[in-house]
Amino acid sequence: MSRSIRRIVILGSTGSIGRSTLEVVAASRDRLSVIGLTAHRSCQRLVDQARQFSPQWVVATDEQAAAEADWSGLPSETQLLVGLDGLRRVVSEAAVDIVVAAIVGSAGLTGAWHAVQNGKTLALANKETLVMAGPLVMAEAARCGATILPVDSEHSAVFQTLHAGRREDLKRVILTASGGPFRQYSQQQLEQVTVQEALNHPTWTMGPKITVDSATMMNKALEIIEARWLFGLEPDQIDVVIHPQSMIHSLVEFRDGSVVAQLSPPDMRLPIQYALTYPERMDGPATRFDWSRNFSWEIFPPDKTRFPALELGHEVARRGGTSGAVLNAANEAAVEAFLAGKIRFPDIVPACRSVLEHHHFDPSPSLDELWKLDAWARREIATWIGI
Ligand code: NDP
Ligand code: MG
């Protein structure tokens with residue numbers, strides 16, 4: 001990386017990852033500069049961020065929220081753009097070096113795709129992009145000369161540890177999972193889980209959708225699929241282990257049996273910073289280990305009966321084609337329904353399986369087809385729930 005300042009656009013700057021990214025930038029203003037920010041509905045927060053970082057552009061993607069917001073506090077040098085056209089415009093600006101994809105759900109695909117098409121470096125938090133359209137996105141990145149760097153902590157860990165050996169000597173990748181808040185719940189206890197309990201993650205503070213995904217372990221299913229496409233792995237090369245302390249972020253095993261892991265306290269600012277400064281490392285705000293303390297870290301295999309999402313992740317990673325987009329959209333709709341009190345916690349994964357099994361599979365779909373299936377899967381979930 002050159003010594004010059006890297007110019008960054010954050011898609012979804014008002015969310016959990018977006019705000020952590022701004023903390024990283026604030027700590028390294030001599031090396032990192034924010035030139036574009038996007039929010040969906042949190043317009044006041046976007047104005048506050050603009051006052052602190054003076055970007056060239058801010059984008060509010062929800063046109064109604066944008067129309068109702070008070071923009072009088074925006075700095076004079078910041079231009080306001082509205083809607084997806086505004087987002088596309090900012091991503092494609094020649095001045096942009098890195099696009100941080102931190103929008104939640106399939107809504108994140110549009111910006112990520114556009115960044116790739118414009119040959120940008122994509123710091124990818126939005127795992128749904130690869131779950132929906134992994135093969136298309138990776139092929140487009142190769143065609144357009146775009147670089148995709150993972151922000152998801154497990155994938156950042158794999159990316160970092162892969163440097164320890166030759167690619168042809170890689171045996172397997174082992175993704176760690178905290179197991180979420182219900183790791184030790186019986187089937188009967190899982191039936192009684194409330195929204196409040198599901199939103200209370202033991203080791204990470206994140207947006208609501210990924211927090212529920214962590215509780216069902218659908219998050220790990222999505223990460224299996226993400227790893228498959230991002231690193232070009234065979235599905236059977238990807239294992240999952242439970243590691244409740246979230247200190248070991250993932251491991252890779254080489255042909256000779258040597259296992260290399262990446263460790264740090266659970267703090268997303270580290271993988272975010274690594275993606276922004278790669279291949280360099282810098283001092284930063286992320287929490288560090290205190291090596292004068294005692295540590296006790298556990299690793300054990302997941303219970304695939306109580307957490308059936310994991311099996312779905314491997315199935316979809318094996319099948320590819322349209323199945324990722326269908327699983328992803330079904331899960332988003334089911335999680336939304338759970339958060340709205342319309343379905344029970346243990347219904348989320350079976351609802352997804354049912355929609356997946358009923359979809360018309362295509363092994364090599366176009367992006368248009370994937371978007372149609374995204375809408376279809378959401379309607380199917382509504383039918384499944386009876387709303
Ligand atoms: P949050 O819910 O905290 O933030 C979501 C962001 O996306 C907000 O800026 C929100 O805007 C914006 N947004 C929501 N809907 C839309 C839409 N339809 N169009 C455009 N923008 C939209 O999510 P997280 O930060 O937790 O997660 C973001 C992504 O990063 C997810 O894909 C998640 O899986 C991934 N990730 C997150 C981790 C974490 O620690 N949080 C860890 C690893 C991956 P607004 O608030 O203005 O409405
Ligand atoms: Mg993760």
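Residues numbered from 1 in each chain as written. Chains lettered and ligands numbered in written order. Predicted model: local features only at pLDDT ≥ 70, side-chain atom pairs only at ≥ 80, totals over all residues. Heavy atoms only, no water.

1. Considering the overall build of the protein chain
The number of helices and strands found in the protein chain is 16 helices and eleven strands. Reported as C-alpha extents along the three principal axes, the dimensions of the protein chain are approximately 55 × 55 × 40 Å. A burial count over the protein chain gives 58% of its 387 residues as buried. Once local pairs closer than 6 in sequence are excluded, the contacts in the protein chain between residues at least 24 apart make up 69%. Entry remark: accessible area of the protein chain is about 16,400 Å², with carbon and sulfur atoms responsible for 48%. Side chains of the protein chain carry 37 positive and 44 negative charges; the gap between the two charge centres is 3 Å. (Helix = DSSP H or I, 4+ residues; strand = E, 2+ residues; numbered from the N terminus. Buried < 20%, exposed > 50% of the residue type's maximum accessible area, 1.4 Å probe, protein only. Contact = heavy atoms within 4.5 Å. Areas by Shrake-Rupley, 256 points an atom, 1.4 Å probe, with all protein chains shown as cover. Lys, Arg positive; Asp, Glu negative; His and termini not counted. Charge placed at Lys NZ, Arg CZ, Asp CG, Glu CD.)

2. Here's the deal with the coordination of the magnesium ion (ligand 2)
Within the protein, Asp152 (OD), Glu154 (OE) and Glu223 (OE) serve as the donor atoms for the magnesium ion (ligand 2), at 2.1 to 2.2 Å. Expressed as a motif, the donor residue spacing for the magnesium ion (ligand 2) is D-x1-E-x68-E. Taken together, the residues Asp152 in the loop between strand 7 (147-150) and helix 7 (153-161) and Glu223 in helix 11 (residues 218-231) connect sequence positions 71 residues apart. Each member of the pair, Asp152 as well as Glu223, carries the same accessibility label: buried. (Donors = N, O, S within 2.8 Å, 3.2 Å for Na, K, Ca; no water.)

3. Section: unusual backbone geometry
A cis amide bond, omega 5 degrees, links Tyr278 with the succeeding residue Pro279. For Ser54, which is not glycine, the phi dihedral falls at a positive 45 degrees. Tracing the chain through its elements places Ser54 in the loop between helix 2 (43-53) and strand 3 (57-60). The phi angle at Ser246 is positive, at roughly 50 degrees, despite the residue not being glycine. Tracing the backbone shows Ser246 in the loop between strand 9 (238-242) and strand 10 (248-254). Residue classification places Ser246 among the buried positions, given a relative accessible area of 6%.

4. Points about helix 2
For an α-helix, the turn length of 3.6 residues means that residues three or four places apart are oriented alike. Every buried residue of helix 2 is accounted for by Cys43, Leu46, Val47, Gln49, Ala50 and Phe53. For helix 2, the buried positions fall inside an angular range of 165 degrees around the axis, keeping them on one side. (Arc of directions from axis to C-beta.)

5. Regarding the pattern of salt bridges
Within this structure, the stated rule accounts for 27 salt bridges. Across the salt bridge formed by Glu253 and Arg172, the nearest N and O atoms sit 3.3 Å from each other. Within this pair, whereas Glu253 is found in strand 10, its partner Arg172 is found in strand 8 (residues 170-177), the two being separated by 81 residues in sequence. Overall, the relative accessible area of 23% leaves Arg172 in the partly exposed class. (Salt bridge = Lys/Arg side-chain N within 4 Å of Asp/Glu carboxyl O.)

6. Quick notes on the domain arrangement of the protein chain
You can read the domains of the protein chain as domain 1 (6-150) and domain 2 (156-263 + 304-384). Each of domain 1 and domain 2 has a C-alpha centre, and the two are 24 Å apart. Listed per partner, the contact involves 20 residues of domain 1 and 25 residues of domain 2. Taken over both partners, the interface formed by domain 1 and domain 2 buries close to 2,000 Å², and the fraction arising from carbon and sulfur atoms is 71%. Together, Lys127, Val131 and Met132 form the three largest contributors to the area buried by domain 1 at its contact with domain 2, with a combined 34%. Inspection of the domain 1/domain 2 interface yields two salt bridges. Among the salt bridges present, the one from Lys209 reaches Glu128, with a minimum N-O distance of 3.0 Å. Here domain 1 is connected to domain 2 by six residue pairs in polar contact (both at pLDDT 80 or more). Secondary structure elements with two or more residues in the side of domain 1 that touches domain 2: helix 5 (109-117), helix 6 (128-144) and strand 7. Among the elements that line the side of domain 1 that touches domain 2, the one with the most residues is helix 6, at nine residues. Class assignment of the residues belonging to the side of domain 1 that touches domain 2 gives a composition of 13 nonpolar, five polar and two charged. (Domains from an automatic or database assignment. Buried area = accessible area lost by both parts, 1.4 Å probe. Polar contact = N/O pair within 3.5 Å; in protein donor to acceptor, adjacent residues only side chain to side chain. Nonpolar A, V, L, I, M, F, W, Y, C, P; charged D, E, K, R; others polar.)

7. A closer look at helix 14 (residues 323-339)
Helix length check: helix 14, at 17 residues, gives a terminal C-alpha distance of 24 Å against a target of 24 Å (1.5 Å per residue), a fit within 8%. In terms of burial, helix 14 is a largely internal element, 15 of the 17 residues being buried. (Expected span 1.5 Å × (residues − 1).)

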